[in-house]
Amino acid sequence: MRLSKSIPPVHQLNIDAPYPKWGALAAMAVLYVAPFITPLLALVAFAILVARIVLYDAKVFAVDYAMMVPITLLFQFEQMSLLLYLGLFASVWFFVVSPVKKGAHFYIFLIFLNYLILRMSLNVSGVILCAGQLLMMCVLLPLQSADSARKLAQMFCYSIVLSSIYALALRGSSVLFEIRGPEMPAYWGATLRRFQGLFEDPNYYMTLIVTAMTLTMKLFACGHFKLSQLIGMEIVLLCFGALTYSKTFFVAVLIMALTGIVWLYSHKKFMPAIICTVLALGFLLYVIFSSSFFAVLIFRVESGNLDDFTTGRSEVFATYYRAISQDALSTLFGQGLDAPRLGKDPHNLYLEITYYLGLVGLLLMITLIGTIVYQVSKKSRKHDFVTKYLPLMMVLILYMALHGIFSTVSYAIFFLAISSIMIERAEAE
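Residues numbered from 1 in each chain as written. Predicted model: local features only at pLDDT ≥ 70, side-chain atom pairs only at ≥ 80, totals over all residues. Heavy atoms only, no water.

S.K.: Tell me about the overall build of the chain, residues and numbers included.
M.R.: For the chain, the count of helices and strands is 19 helices and two strands. Expressed as a percentage of the 429 residues in the chain, the buried residues total 56%. Within the chain, contacts between residues at least 6 apart in sequence are counted, and of these 74% link residues at least 24 apart. For the chain, the exposed area adds up to about 18,800 Å²; of that, 70% sits on carbon and sulfur atoms. (Helix = DSSP H or I, 4+ residues; strand = E, 2+ residues; numbered from the N terminus. Buried < 20%, exposed > 50% of the residue type's maximum accessible area, 1.4 Å probe, protein only. Contact = heavy atoms within 4.5 Å. Areas by Shrake-Rupley, 256 points an atom, 1.4 Å probe, with all protein chains shown as cover.)

Take a look at the structure:
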């Protein structure tokens, strides 16, 4: 896939050829050593990835993007997210050079963009972040294929494991502290800290871990991972996720385990189903009866009242609901993108969108994402519902307890989940 006189135009380059990995690996290596040398190396990685956008097609960029998501905190310069601007550049570039079908999702995006501008007040950066990431999804996702969706899912899973090992090795170091800040206590007054990978908030890190776990399940269901790979990857991800001491993670694991085991039995994969059932029951008993670090998680789950169990979220939800429902204008059009936080962040994406943009903004966002999902789904062969939409369903559930309208990582998670819809069974490719 090198440039030459005989090479086809940029928009015809195809990832069905071997993925040009060395440039992406070089960019990752530069980012991993940047904290020990100079932050300027993040700009070197940015230049490498921009060059790859020009040289290769949207499918190659999508894989590159998936690899960068777990190390987004390393991929910044002077508090500026380079991943955001890389996505913006890619969106404009591929919109111009690629045969992008201007479907209904583009018209809905334009309506939503105008609505964002009307409701932005002074929050210009918020509009750039939100609109830029949505534009990237509108442009890039319809240009993906089953093969590129598989590759980006695999590379994301490997990248989140690598970044977690890196963060764990540097845990407690001044280098990681300078990048990410201090770790949060496991509970109020505890000396035990929640592992958060290369993220400032353990909840976002936990969400990426859950996304990787569901993508691994989908890759196995479609025949791209063997049973040994599935079990090995899930155990590794489970251990990293458990270190976050997240109650949401605990609930998500229960949902995934139950869903996966039922799926195995329903598809007559009895041996894997029995193995997974035994492993799940054994792990559950270990969590309940051991005095290991899982005891901290059990302690958090067994908190005495609703407010403690939800870590204050129930009161936060009530506060934001009162602000949304105080009058008709607030309900329909929200408080505007520059509205202040009401003590704490909403901890619910749907509530957050409604607070800032009202029911009109929420409806436009749902419609836009829905049309993108529809466009992507048309490129996928028939699967059962769980196999096809499991990663996306889990993300939609997780964001009931997580905000993120102004977070680049949130849009990246949706990008990964939606792209996974296109992954096909190995024998059908």
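S.K.: A description of the environment of I413 should follow, citing residues and the corresponding values.
M.R.: With respect to the helices and strands, I413 occurs in helix 19 (residues 408–419). Overall, the relative accessible area of 0% leaves I413 in the buried class. I413 sits 201 residues away from A212 along the chain, and the two C-alpha atoms are 9.7 Å apart. For I413, the residues in contact, after removing those within four places along its chain, are T207, L208, T211, V395 and Y399.

S.K.: Explain helix 17 (residues 349–377) to me, using residue names and the numbers behind them.
M.R.: Its 29 residues place the ends of helix 17 only 24 Å apart at the C-alpha level, less than the 42 Å of an ideal helix rising 1.5 Å per residue. By the largest-angle criterion, L357 marks the main kink of helix 17, which is about 125°. Of all the 29 residues making up helix 17, 21 are buried; the element is thus mostly covered by neighbouring parts of the structure. The distance from a side-chain oxygen at the start of helix 17 to the backbone nitrogen of Y350 is 3.0 Å, and the residue carrying that oxygen is N348. (Expected span 1.5 Å × (residues − 1). Bend = angle between axes of the 7 residues up to and from the residue. Polar contact = N/O pair within 3.5 Å; in protein donor to acceptor, adjacent residues only side chain to side chain.)

S.K.: Talk me through helix 19; I want residue IDs and the actual numbers.
M.R.: One turn of the α-helix equals 3.6 residues, which is why residues spaced by three or four share an orientation. Helix length check: helix 19 (twelve residues) gives 17 Å between terminal C-alpha atoms against 16 Å at 1.5 Å per residue, within 8%. Listed as buried for helix 19 are T408, V409, S410, Y411, A412, I413, F414, F415, L416, A417, I418 and S419.

S.K.: Describe the side chain of D64, naming the residues involved and giving the relevant values.
M.R.: Among the secondary structure elements, D64 is positioned in helix 3 (residues 58–68). Polar side-chain contacts of D64 include one of 2.2 Å to the side chain of Y19. Residues contacting D64, with those up to four places away along its chain left out, are Y19, A24, L49 and R52.

S.K.: Can you lay out the side chain of D57 for me, pointing to particular residues and giving the numbers?
M.R.: Position of D57 among the secondary structure elements: in the loop between helix 2 (41–55) and helix 3. Within the buried set, D57 has no salt-bridge partner at all; the shortest N-O distance to an opposite charge, 5.0 Å, is to K59. (Lys, Arg positive; Asp, Glu negative; His and termini not counted. Salt bridge = Lys/Arg side-chain N within 4 Å of Asp/Glu carboxyl O.)

S.K.: An account of the pattern of salt bridges is needed here, citing residue identities and associated values.
M.R.: Two side chains that carry opposite charge are able to pair once their charged atoms sit near each other. For the structure shown, the criterion picks out seven salt bridges. Between R150 and D147 there is a salt bridge, and its shortest N-O distance comes to 2.6 Å. Taken together, the positions of R150 and D147, both in helix 7 (residues 146–169) and three residues apart, correspond to about one turn of that helix. The pair R150 / D147 is uniform in exposure class, with both members buried. Each of the salt bridges in this network shares a partner with another, and the network as a whole consists of D147, R150 and K151.

S.K.: Now, about the packing of aromatic side chains: what can you tell me, with residues and values included?
M.R.: Throughout the structure, instances matching the rule amount to 16 aromatic pairs. A ring pair is formed by Y320 and Y355, whose centres lie 4.9 Å apart and whose planes are at 85°; its orientation type is edge-to-face. Separated by 35 residues along the polypeptide, Y320 in helix 15 (residues 313–324) and Y355 in helix 17 bring together distant segments of the chain. In this structure, Y320 and Y355 share a single accessibility class: buried. Grouped by ring-pair contacts, the aromatic residues F61, Y65, F94 and F415 constitute a single cluster. (Phe/Tyr/Trp six-rings, centres within 6.5 Å; stacked < 30°, edge-to-face > 60°.)

S.K.: So, the packing of helix 9 (residues 202–221) against helix 18 (residues 385–398): which residues are in play, and what are the values?
M.R.: Between helix 9 and helix 18, the shortest axis-to-axis distance is 8 Å and the interhelical angle comes to 170°. Considering the angle they form, helix 9 stands roughly antiparallel to helix 18. Crossing handedness for the pair helix 9 and helix 18: right-handed. The residues of helix 18 that touch helix 9, namely those facing M206, T207, V210, T211, T214, L215, M217, K218 and A221, are T387, K388, L390, P391, M394, V395 and L398. Class assignment for the residues of the contact of helix 9 with helix 18 results in ten nonpolar, four polar and two charged. (Axes fitted to C-alpha atoms, helices over the stretch in contact; angles between N-to-C directions. Parallel < 35°, antiparallel > 145°, perpendicular 65-115°, else oblique. Left-handed = near helix turned anticlockwise from the far one by under 90°. Nonpolar A, V, L, I, M, F, W, Y, C, P; charged D, E, K, R; others polar.)

S.K.: Could you give an account of the packing of helix 17 against helix 18, naming the residues involved and the relevant values?
M.R.: Following both chains from N to C, one finds helix 17 and helix 18 inclined at 175°, their axes separated by 14 Å at the closest point. When the interaxial angle is binned, helix 17 and helix 18 end up roughly antiparallel. Residues Y350, V373 and S377 of helix 17 form the contact with helix 18, whose own contacting residues are K388, Y389, L392 and L396. Its residues assigned to classes, the contact of helix 17 with helix 18 shows five nonpolar, one polar and one charged.

S.K.: I'd like a rundown of the nonpolar core, residues and numbers included.
M.R.: L134 and I418 are the most contacted members of the largest nonpolar core, which has 142 residues in total. Take this core: its biggest share by element is 14 residues, from helix 17. Residues contacting L134, with those up to four places away along its chain left out, are F109, F112, M365, L368, I369 and Y411. (Core = buried A, V, L, I, M, F, W, Y, C linked by side-chain atoms within 4.5 Å.)

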